[in-house]
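# Coordinate analysis (summary)
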Amino acid sequence: MVTNTSGKKKTAIARATVREGQGRVRINAQPVELTEPEMARLKMLEPFRIAEEELRDTVDVEVDVSGGGVMGQADAARTAIARGLVEFTNDAELRDAYMTFDRSLLVNDVRQAESKKWGGPGARARYQKSYR
């Protein structure tokens, strides 16, 4: 059985494919062990740490991530992997374990950066006013 899922964070979009296998996890066709920085790698592998370790040895996961920055991509991949595992195993206990640990494992974070406006250096900040 093959499962396709997706995850989003800011402007990063991840598409994950989960199939039966030997425990290979690939991010953009590279083994996840080569992913840098280490914090991003640990974040991507979080769904496996919450589930039993035996689960990782029975599935192959391929993730394609595009857009955003390093940590945004890591969050998007993490959501896609967690959704894929839940859909692949069809396990309600695993779904509940993910929800109690962190809701963003299964639900996309829809927050976006607010666009810059005129009259200031950012979205809300204004340029300083001089009286003399």
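You'll find the structure just up there.
The text that follows walks through the structure, step by step, so that each part is easy to find. (Residues numbered from 1 in each chain as written. Predicted model: local features only at pLDDT ≥ 70, side-chain atom pairs only at ≥ 80, totals over all residues. Heavy atoms only, no water.)

## Examining the overall build of the chain
On a plain count of helices and strands, the chain comes out with 5 helices and 5 strands. Ordering the α and β elements of the chain from the N terminus gives β-β-β-β-α-α-α-β-α-α. The C-alpha atoms of the chain give a radius of gyration of 18 Å, which is well past the 14 Å a tight globule of 132 residues would have. Oriented by its inertia axes, the alpha-carbon framework of the chain measures out at about 70 × 30 × 20 Å. For the chain, the residues scored as buried account for 38% of the 132 residues in total. Sequence separation of 24 or more characterises 67% of the internal contacts of the chain that already satisfy a separation of 6 or more. Carbon and sulfur atoms form 51% of the exposed surface of the chain, whose accessible area is close to 8500 Å². Side-chain charges of the chain comprise 22 positive and 20 negative groups, with the mean position of each set lying 16 Å from the other. (Helix = DSSP H or I, 4+ residues; strand = E, 2+ residues; numbered from the N terminus. Rg over C-alpha atoms; globule rule 2.2 N^0.38 Å. Buried < 20%, exposed > 50% of the residue type's maximum accessible area, 1.4 Å probe, protein only. Contact = heavy atoms within 4.5 Å. Areas by Shrake-Rupley, 256 points an atom, 1.4 Å probe, with all protein chains shown as cover. Lys, Arg positive; Asp, Glu negative; His and termini not counted. Charge placed at Lys NZ, Arg CZ, Asp CG, Glu CD.)

## Considerations on the nonpolar core
Counting 30 residues, the largest nonpolar core has Phe48, Val61, Val63, Leu85 and Tyr98 as its most contacted members. Looking at this core, the elements that each hand over two or more residues are strand 2 (12-20), strand 3 (25-27), helix 1 (38-44), strand 5 (59-66), helix 4 (70-89) and helix 5 (92-101). The dominant element in this core, judged by the number of residues it contributes, is helix 4, at 9 residues. In contact with tyrosine 98, not counting residues within four places along its chain, are Pro47, Phe48, Ile50, Ala51, Ala82, Leu85, Val86, Arg103, Leu105 and Leu106. (Core = buried A, V, L, I, M, F, W, Y, C linked by side-chain atoms within 4.5 Å.)

## Structural notes on the side chain of threonine 79
Counting through the fold element by element, threonine 79 comes out in helix 4. The class of threonine 79 is buried, set by a relative accessible area of 3%.

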